[in-house]
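Read off the chains here:
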Protein chains: 2
Amino acid sequence: MPAPIDFYFDFSSPYGYLGSELIEALAAKHGRAVAWHPVLLGVIFRETGSAPLTEVPLKGAYSKRDFERSARFHGVAFRMPGRFPIPAQTPSRIVLALRDRDPALAAAVARALYRAYFVDGRDISQPEVAAAAAEGAGADAAAARAAVDDPAIKEALRHEVAQAIAAGVFGSPFIVVDGEPFWGVDRFPQIDRWLATGGF
Amino acid sequence: MPAPIDFYFDFSSPYGYLGSELIEALAAKHGRAVAWHPVLLGVIFRETGSAPLTEVPLKGAYSKRDFERSARFHGVAFRMPGRFPIPAQTPSRIVLALRDRDPALAAAVARALYRAYFVDGRDISQPEVAAAAAEGAGADAAAARAAVDDPAIKEALRHEVAQAIAAGVFGSPFIVVDGEPFWGVDRFPQIDRWLATGGF
């Protein structure tokens, strides 16, 4: 069994959301599993001196247009949330709390949380909102709610982000295939060929 | 005859170079011409507060890897130049001096200048080097050399950059199709569909 693909994403990242809708099919096409890694771009941007795309002059207006156009291009439902960006700790902790025990459920919950935010416009930074979305994907709502305030899970998220930075992650989505880094949902065609050919 | 595609590029931009190798075939596939617009990202970045990708922590190392991988992905020859980035005024002026009179020659010269830099590693910010590369694509070397110091051409370049900024251009390559803006060579699949369908 070949190693899983590492999929790093921030819950407030529109391109990360688009990637979340596409990565499992892409991996499965090549017989690969996906390891889902929630990260916090706010922490990472402090290291790289970056700013959210939507806050950069000129790029901001273009980005919002490109989010919606890219979603249509990929056939993915998308609606820019009223509150944006949001802190991603709450949904990230809910996913991390599930991951070791049940990675498939964690992935399903991650996709459901992303859809709650980027399709239904629900503010998943709110613990009750996020727990309800997780429940809709099959998680236990009370356990999901409890994970948000669990010191061990908080520490696990800090560790996850530190590991991502050490692995060179600086954006969302960020995918690592057999050591090869790819940034952005627009690199999925390259990932497809990389998986098919073993590298080019 | 439908309007040409606007192709904005900076001569020091690796992705702009990749775009220059692909844009004419993409446009021709849909019966479109290409209007080539040399711009100066240094000037544009002062407006947007951006920095060259290669100078950003973490992104810099990734970018260099991605330039080379993206070139291989698209089947385009590429070698990272020893001197990078370079000021783009010299080759930009040579292209602008030709464009009104002979747009096809200007486009051929633009592609030749890009190849001289990103394949052969020649420093096209040097007027004699750039004039020789232009001559190789069919331009008059003496006229190309003279354009570099021509006050009217200098003014034409300032005007070209100001117009690009007014059109919302903030990166390279930047393509406008019937008013729709696309940033990056990785948006070429979207441009392809946009041209085929009239928008999506």
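Residues numbered from 1 in each chain as written. Chains lettered and ligands numbered in written order. Predicted model: local features only at pLDDT ≥ 70, side-chain atom pairs only at ≥ 80, totals over all residues. Heavy atoms only, no water.

Chemist: How do you make sense of the relation of the copies chain B and chain A when you look at a structure like this?
Modeler: One copy of the chain maps onto the second through a rotation around an axis plus a translation along that axis. Superposing chain B onto chain A takes a rotation of 180° plus a shift of 0.0 Å along the axis, which leaves an RMSD of 0.0 Å. Within this description, the copies of the chain are treated as partners about a two-fold rotation axis. Scanning chain B for the C-alpha nearest the rotation axis identifies Asp186 of chain B, at a separation of 3.0 Å. (Least-squares fit on C-alpha atoms with pLDDT ≥ 70 in both.)

Chemist: How do you make sense of helix H1 (residues 14–29) of chain B when you look at a structure like this?
Modeler: Counting along an α-helix, one turn takes 3.6 residues, and residues three or four places apart therefore face a common direction. Residue and element names in this part refer to chain B. Compared with the 22 Å implied by 1.5 Å per residue over 16 residues, the 24 Å span of H1 between its first and last C-alpha is a close match. Of all the bends in H1, the largest measures some 40° and sits at Leu22. Here H1 has its buried residues at Pro14, Tyr15, Gly16, Tyr17, Leu18, Gly19, Ser20, Leu22, Ile23, Leu26 and Ala27. Looking at the buried positions of H1, the neighbouring elements they touch are strand E1 (5–9), strand E2 (34–38), helix H3 (59–74), helix H5 (103–118), strand E3 (174–177) and helix H9 (188–197). Within two residues after H1, Gly31 carries a phi angle of roughly 70°, on the positive side. (Helix = DSSP H or I, 4+ residues; strand = E, 2+ residues; numbered from the N terminus. Expected span 1.5 Å × (residues − 1). Bend = angle between axes of the 7 residues up to and from the residue. Buried < 20%, exposed > 50% of the residue type's maximum accessible area, 1.4 Å probe, protein only. Contact = heavy atoms within 4.5 Å.)

Chemist: What is the right way to read the interface of chain B and chain A from this model?
Modeler: Taken together, the contact pairs 31 residues of chain B with 31 residues of chain A. With both sides pooled, the region where chain B packs onto chain A buries about 3,100 Å², and carbon together with sulfur makes up 57% of that total. Summed over the three residues of chain B that lose the most area to chain A, namely Tyr62, Arg69 and Phe73 of chain B, the buried surface amounts to 22% of that side. At the junction of chain B with chain A, the criterion picks out eight salt bridges. With its nearest N and O atoms 2.6 Å apart, the salt bridge here joins Asp66 of chain B to Arg187 of chain A. Between chain B and chain A we count 20 residue pairs in polar contact (both at pLDDT 80 or more) in total. (Buried area = accessible area lost by both parts, 1.4 Å probe. Salt bridge = Lys/Arg side-chain N within 4 Å of Asp/Glu carboxyl O. Polar contact = N/O pair within 3.5 Å; in protein donor to acceptor, adjacent residues only side chain to side chain.)

Chemist: What exactly am I supposed to notice about the sheet that holds strand E4 (residues 180–183) of chain B here?
Modeler: Whenever strands of a sheet pair, they do so through backbone hydrogen bonds, lying parallel or antiparallel. All names here are of chain B. Strand order in this open sheet of four strands is E2-E1-E3-E4, and the pairing throughout is mixed. Two strands lie at the open edges of the sheet, namely E2 and E4, each paired on one side alone. Averaged over all adjacent pairs, the angle separating strand axes in this sheet is 20°, with direction ignored. One ladder, built from four bridges, connects E3 with E4; its direction is antiparallel. When the sheet's bridge partners are listed, Ile175 is paired in E4 with Phe182. (Pairing = 2+ DSSP bridges. Axes fitted to C-alpha atoms, helices over the stretch in contact; angles between N-to-C directions.)

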